Amino acid sequence: MKVLADSNIVLDILLNRSAFFTDSKEIFDLAEKKKIIGYVSASAVTDIFYISSKGIGKDSAREAIKGILSVFYPATVTDNHIYHALDMDWEDFEDSVQFVVGESLAVDYIITRNPQDFSSSSIPAVTPEQFIQTMADIEK
């Protein structure tokens, strides 16, 4: 099963956001154990670095992102992805880019804390908690 992790999921892990850390870390663990194939869009990595460096410093952010990218594959964002996302005219351009990248990878889910941002998506957008439950149901 292939998933695309939204930037908020990665930031929950890197910044140890207590309210969200456990479920987001479980997604990371599933990818690390090869139970899922996890992606994060390459365009999100720069935002993740910028935001996390404010909280943990540049050197720590760089090392943390290396750790994330040892488990989640960086998904290429091409000019065609950008043009397609622009034509979609979603409320949040970043989310439309995430969707287009996920679509090109044929991911099964986009994992995000904001599934409502992907309401126009043909790819199911679920919270980490919902995805963990889905995986538990599959493993039964």
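Residues numbered from 1 in each chain as written. Predicted model: local features only at pLDDT ≥ 70, side-chain atom pairs only at ≥ 80, totals over all residues. Heavy atoms only, no water.

S.K.: Before we move on, can you summarise the side chain of Asn-8 with the specific residues and values?
M.R.: If you trace the backbone, Asn-8 turns up in helix H1 (residues 7–14). Excluding residues that lie within four positions of it along the chain, Asn-8 makes contacts with Arg-17, Thr-112, Arg-113 and Asn-114. (Helix = DSSP H or I, 4+ residues; strand = E, 2+ residues; numbered from the N terminus. Contact = heavy atoms within 4.5 Å.)

S.K.: Let's hear about empty space enclosed by the protein: which residues, and what values?
M.R.: Counted under the stated rule, the structure contains one cavity of 30 Å³ or more. If you add up the space inside the largest cavity, you get close to 40 Å³. Mapped by element, the contributors of at least two residues to the lining of the largest cavity are helix H3 (42–56) and helix H4 (58–69). No other element matches H4, which puts three residues into the lining of the largest cavity. For the lining of the largest cavity, the class distribution of residues is seven nonpolar, no polar and no charged. (1 Å grid on protein atoms, 1.4 Å probe; cavity = no way out; pocket = protein on both sides within 12 Å on 5 of 7 lines; lining within 4 Å. Points joined across faces, edges and corners; volume = space filled by probe spheres on them. Nonpolar A, V, L, I, M, F, W, Y, C, P; charged D, E, K, R; others polar.)

S.K.: An account of the sheet that holds strand E5 (residues 125–126) is requested, with residue identities and associated values reported.
M.R.: What the five strands build is an open sheet, ordered E3-E2-E1-E4-E5; its pairing is parallel. Of all strands in the sheet, those with a lone pairing partner are strand E3 (73–75) and E5, marking the two edges. Note that strand E1 (residues 2–5) and strand E4 (residues 109–111) share three bridges and pair parallel. Along E4, the bridge assignment pairs Val-3 with Tyr-109. (Pairing = 2+ DSSP bridges.)

S.K.: Tell me what's going on with the packing of H1 against H3, and back it up with residues and numbers.
M.R.: Direction vectors running N to C along H1 and H3 enclose 30°, while the axes themselves pass 10 Å from each other. As judged from the angle between their axes, H1 and H3 are roughly parallel. In this structure, H1 crosses over H3, and the sense of that crossing is right-handed. Contacts between H1 and H3 involve Ser-7, Val-10, Leu-11 and Leu-14 from the first element and Ala-44, Ile-48, Ile-51, Ser-52 and Ile-56 from the second. Looking at the contact of H1 with H3 residue by residue, the classes come out as seven nonpolar, two polar and no charged. (Axes fitted to C-alpha atoms, helices over the stretch in contact; angles between N-to-C directions. Parallel < 35°, antiparallel > 145°, perpendicular 65-115°, else oblique. Left-handed = near helix turned anticlockwise from the far one by under 90°.)

Everything listed here is a matter of coordinates, which is why it stays silent on function.
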